[in-house]
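# Architecture and fold: a report
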Amino acid sequence: MTPPKTHHLLERIRTDWHREAPELDPSPMLLFLLLARLQGALGRHVEQTYTPAGINPSGWDLLLTLRRSAPDTGLTPTELSNLSAITGASITNRVSRLIEKGLVERRGSETDRRSARIRLTRQGRELVDTLLPQHVQHEASVLEALTLEERAELERLARKLLTHVESAESE
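The following refers to the structure shown. (Residues numbered from 1 in each chain as written. Predicted model: local features only at pLDDT ≥ 70, side-chain atom pairs only at ≥ 80, totals over all residues. Heavy atoms only, no water.)

## Some words on the overall build of the protein chain
From N to C terminus, the protein chain includes seven helices and two strands. When the helices and strands of the protein chain are listed from N to C terminus, the series reads α-α-α-α-α-β-β-α-α. In terms of overall dimensions, the protein chain is more spread out than a globule: its C-alpha atoms have a radius of gyration of 21 Å, far above the 16 Å expected for 171 residues. Projected onto its principal axes, the C-alpha coordinates of the protein chain cover approximately 65 × 40 × 35 Å. Expressed as a percentage of its 171 residues, the buried residues of the protein chain come to 23%. Taking as baseline every contact in the protein chain between residues at least 6 positions apart, the subset at least 24 positions apart corresponds to 50%. Of the roughly 12,300 Å² that the protein chain leaves accessible, carbon and sulfur atoms contribute 56%. Taking the average location of the 23 positive side-chain charges in the protein chain and that of its 24 negative ones, the two points are 6 Å from each other. (Helix = DSSP H or I, 4+ residues; strand = E, 2+ residues; numbered from the N terminus. Rg over C-alpha atoms; globule rule 2.2 N^0.38 Å. Buried < 20%, exposed > 50% of the residue type's maximum accessible area, 1.4 Å probe, protein only. Contact = heavy atoms within 4.5 Å. Areas by Shrake-Rupley, 256 points an atom, 1.4 Å probe, with all protein chains shown as cover. Lys, Arg positive; Asp, Glu negative; His and termini not counted. Charge placed at Lys NZ, Arg CZ, Asp CG, Glu CD.)

Have a look at this one:
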């Protein structure tokens, strides 16, 4: 059976909760489900860029981070973690996978033997430079559904909500 489209699913959930617990307002749950479905759909859409190259979302994020932010000497794992969406604990494994693919290299620091630096290989840089225009186009094609004003409003609301959640997490 084909899963229902999200809007049908949301209405079904709303109806079911109204029947089972009429005093409950399911709106927060429905909005979270909507956002989760949106996040999944967006991820699947942009993964079309790098999945054929055998790269997963975390690996792509690290490659992009190294391409845009790393000096020629590379970044330390801590710097890489701070500049990407990947947590520090996951960096080592993800970098190792990219090393196995020949896309990044790990070099010992010239000034601190305890510290390593991660940088793109020539092959990694070429891969990013080849896929990046397609990646940006995939993202732009999704956003074409919104006017410039709607995009600005979406960004404003997303930043406001994220600031609120991150503030609550740090308390």
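## What about the pattern of salt bridges?
All chains considered together, the criterion is met by eleven salt bridges. The closest approach of N and O atoms between Asp16 and Arg19, which form a salt bridge, is 3.2 Å. Of this pair, Asp16 and Arg19 both sit in helix H1 (residues 6-20), three residues apart, which is roughly one turn of that helix. Among the residues examined, Arg19 registers a relative accessible area of 54% and is labelled exposed. Between Arg107 and Glu105 there is a salt bridge; the shortest N-O distance is 3.4 Å. Taking the relative accessible area as the measure of exposure, Arg107 reaches 44% and is therefore partly exposed. What makes Glu105 partly exposed here is its relative accessible area of 22%. Put simply, Arg12, Asp16, Arg19 and Glu20 are held in one network by salt bridges that share partners. (Salt bridge = Lys/Arg side-chain N within 4 Å of Asp/Glu carboxyl O.)

## Quick look at helix H6 (residues 122-143)
With 22 residues, H6 ought to run about 32 Å at 1.5 Å a step, and its terminal C-alpha atoms sit 32 Å apart, in line with that. Helix geometry: H6 is bent most strongly at Leu131, by close to 35 degrees, with proline Pro133 lying one to four residues after it. Considering only its buried residues, H6 is in contact with helix H2 (27-50), helix H3 (57-69) and strand E2 (116-120). (Expected span 1.5 Å × (residues − 1). Bend = angle between axes of the 7 residues up to and from the residue.)

## Here's the deal with H2
With 24 residues, H2 extends 35 Å between its outermost C-alpha atoms, agreeing within 8% with the 34 Å of an ideal straight helix rising 1.5 Å per residue. Within H2, burial applies to Leu30, Val46, Thr49 and Tyr50. Residues of H2 that are buried in the fold lie against H1, H3 and H6.

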